[in-house]
Amino acid sequence: MSSDKADFVNAGVESFEASRLGRKDHWDSVYDREISNFKETGDIGEVWFGESAASKMVSWVRSNIGDTSARILDVGCGNGHLLLELADDGFTNLTGTDYSPQAIELAQSIAASRGFGNAITLIEQDFLNPAEVARVAAKERFDVVLDKGTYDAICLKPKGNGAADVDQAAIDTYPLSVVGSLNDAGVFLITSCNWTEDELVARFAKHLECTGRVKHSSFRFGGAVGQTVATVAFKKRRTLDS
Ligand SMILES: C[S@@+](CC[C@H](N)C(=O)[O-])C[C@H]1O[C@@H](n2cnc3c(N)ncnc32)[C@H](O)[C@@H]1O
């Protein structure tokens, strides 16, 4: 397990402290390194939570979204692996955003090398900045918003330089950004290794309504059954005036 992955897994809820995984400079340097690796070896880099988590998300999209031209956004796309899998599956209207310009450069190079330059659009965007969220959603809001590991990283964002406390305002902004990116009938699918299914449902309850859960393999420890990752689907919660 890489030290980044171990940090994610170790950032349990009880000892929930800010970490470098919540800082932009960390991701910029990770993707700097991965750009060099990709140029030298063709290796696309980390597949967060493994191939199986990505393929479960793709299967869910294939089963629940009939239209392969649906507008799909992957928030915090990193190297764009999930988008490549969707493009391989025939989806043609894919957008990936990330606040690290290095991630966008890496994802662009990989998409072009696989011949998916037309199907996948990559845009630098801080998903916690309402103006940037509005800019990306301005043309047309998305039918599907996907997140694999980005909310987990945001939940580790330090409140200030070197602070141990997490930035609760950032965490609270995230569901508003999801709502602002989705069209009225849009769906949100998130995979997390830091939060259980029930925790995700509770955390987004004010703005988003759970519509389904994706099964992952579970483990049994001391009589309790647990999962290493959770994937939950949501739709926008109807407000009184909608
Ligand atoms: C654990 S990685 C997951 C990357 C990708 N989703 C995947 O599954 O391979 C977290 C990603 O979230 C991005 N990220 C963190 N905070 C962000 C923010 N506020 N806006 C946009 N991207 C962000 C990081 O740059 C990084 O690419």
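Residues numbered from 1 in each chain as written. Predicted model: local features only at pLDDT ≥ 70, side-chain atom pairs only at ≥ 80, totals over all residues. Heavy atoms only, no water.

By the naming in an unreviewed UniProt entry, the protein is Protein-lysine N-methyltransferase EFM4, taken from Coemansia thaxteri. Of the comments in the UniProt record for the protein, the one headed Subcellular location (unreviewed entry) reads "Cytoplasm". The Sequence similarities (unreviewed entry) comment attached to the protein in UniProt states, word for word, "Belongs to the class I-like SAM-binding methyltransferase superfamily. EFM4 family." (UniProt positions renumbered as here; feature names shortened; annotations may be inferred.)

Chemist: For the nonpolar core, give the residues involved together with the corresponding values.
Modeler: Ranked by internal contacts, the top residues of the largest apolar core, which has 46 residues, are Val 61, Ile 72, Leu 86, Leu 94, Ile 120, Leu 122 and Leu 146. Residue assignment for this core shows that the elements contributing at least two residues are α2 (24–41), α3 (50–64), α4 (81–88), α5 (101–113), β3 (120–124), β4 (142–148) and β5 (182–192). Ignoring sequence-local partners within four residues, the contact set of Leu 94 consists of Ile 72, Leu 83, Leu 86, Ala 87, Ala 119, Ile 120 and Thr 121. If you look at the next biggest cluster of nonpolar residues, it comprises 27 residues, including Ile 154, Phe 188, Phe 204 and Ala 230. (Core = buried A, V, L, I, M, F, W, Y, C linked by side-chain atoms within 4.5 Å. Buried < 20%, exposed > 50% of the residue type's maximum accessible area, 1.4 Å probe, protein only. Helix = DSSP H or I, 4+ residues; strand = E, 2+ residues; numbered from the N terminus. Contact = heavy atoms within 4.5 Å.)

Chemist: Run through the sheet that holds strand β2 (residues 94–98), naming residues and quoting values.
Modeler: Across the sheet, 7 strands lie side by side as β3-β2-β1-β4-β5-β9-β6; this open sheet has mixed pairing. Only two strands of the sheet have a single partner each, and these edge strands are β3 and β6 (208–214). Averaged over neighbouring strand pairs, the angle between their axes works out to 20 degrees when direction is ignored. When β5 meets strand β9 (residues 230–236), the two strands line up antiparallel, connected through 6 bridges. Paired with Thr 191 across the bridge in β9 is Thr 231. Packing against the sheet, α4 makes contact with β1 (72–75), β2, β3 and β4, and its axis sits at approximately 175 degrees to β2. (Pairing = 2+ DSSP bridges. Axes fitted to C-alpha atoms, helices over the stretch in contact; angles between N-to-C directions.)

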